[in-house]
Amino acid sequence: MLEQLGLLGLFFGCMLSATVVPFTSEVLVTGAIAMGYNLWTVVVVATLGNTAGGMISYLLGWLCRWEWIEHFLHVKREKLMRVHDRVKRWGVAAALLTWTPFVGDLIAIAMGLIRINPAGTAALMAVGKFVRYLAVAGVLDWIL
């Protein structure tokens, strides 16, 4: 995918990995850096793509009903309620944790469900994801 689509492939792959599609973007980031793309460019493109995907999950929460999320995403109401309660307590700051595996998508969906400020959500989501990719790229740069 990266060989044919380059940075556009990195963007879309990172975007998909931040939705409910089970996929890890670190593989794409690793591949892009190994292929010789500029480290900072990879970090920025991955951050933008993953933030866009996170906001798709947010929008999913905004547009959906609880029952739909339970049924189609196979998330138990109890787990969704736990995430919901924590997100409500933390507010927009919870967006900083949307980079976390497995739970990050649920955090983004919960933020949409309870209508947390979209602009603040996108901004803090981008910050959290940027720090994540910067750490991944730094480790990869050190290894390679």
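Before going into details, it helps to say that this report is about the structure given with it. (Residues numbered from 1 in each chain as written. Predicted model: local features only at pLDDT ≥ 70, side-chain atom pairs only at ≥ 80, totals over all residues. Heavy atoms only, no water.)

**Here's the deal with the packing of helix α5 (residues 77–90) against helix α6 (residues 103–113)**
- Where α5 meets α6, the axes come as close as 9 Å, and the angle between the chain directions of the two elements is 70°. With respect to each other, α5 and α6 are oriented roughly perpendicular. As α5 runs across α6, the sense of the crossing is right-handed. Mapping the contact onto sequence places Lys79, Leu80, Val83, His84 and Val87 in α5 and Leu106, Ile107, Ala110, Met111 and Leu113 in α6. (Axes fitted to C-alpha atoms, helices over the stretch in contact; angles between N-to-C directions. Helix = DSSP H or I, 4+ residues; strand = E, 2+ residues; numbered from the N terminus. Parallel < 35°, antiparallel > 145°, perpendicular 65-115°, else oblique. Left-handed = near helix turned anticlockwise from the far one by under 90°. Contact = heavy atoms within 4.5 Å.)

**Observations regarding a positive patch on the surface**
- Taken together, the side chains of Lys79, Arg82, Arg86 and Arg89 define a basic patch exposed on the protein surface.
- If you trace the backbone, Arg86 turns up in helix α5. (Patch = residues over 30% accessible without salt bridge, like charges linked within 9 Å, V, L, I, M, F, W, Y side chains within 5 Å. Areas by Shrake-Rupley, 256 points an atom, 1.4 Å probe, with all protein chains shown as cover. Salt bridge = Lys/Arg side-chain N within 4 Å of Asp/Glu carboxyl O. Lys, Arg positive; Asp, Glu negative; His and termini not counted. Charge placed at Lys NZ, Arg CZ, Asp CG, Glu CD.)

**Comments concerning the packing of aromatic side chains**
- The tally for this structure, following the rule as stated, stands at two aromatic pairs.
- Centre to centre, the rings of Phe11 and Phe12 are 5.3 Å apart; their planes meet at 85°, and the pair counts as edge-to-face.
- Aromatic side chains Tyr58 and Trp62 sit 5.9 Å apart centroid to centroid with 40° between the ring planes, which places their arrangement in the tilted category. Within this pair, Tyr58 and its partner Trp62 are both found in helix α3 (residues 39–63), separated by four residues, close to a single helical turn.
- One residue, Arg115, lies across the ring of Trp62, its end atom 4.5 Å from the ring centre. (Phe/Tyr/Trp six-rings, centres within 6.5 Å; stacked < 30°, edge-to-face > 60°. Lys NZ or Arg CZ within 6 Å of the ring centre and 35° of its normal.)

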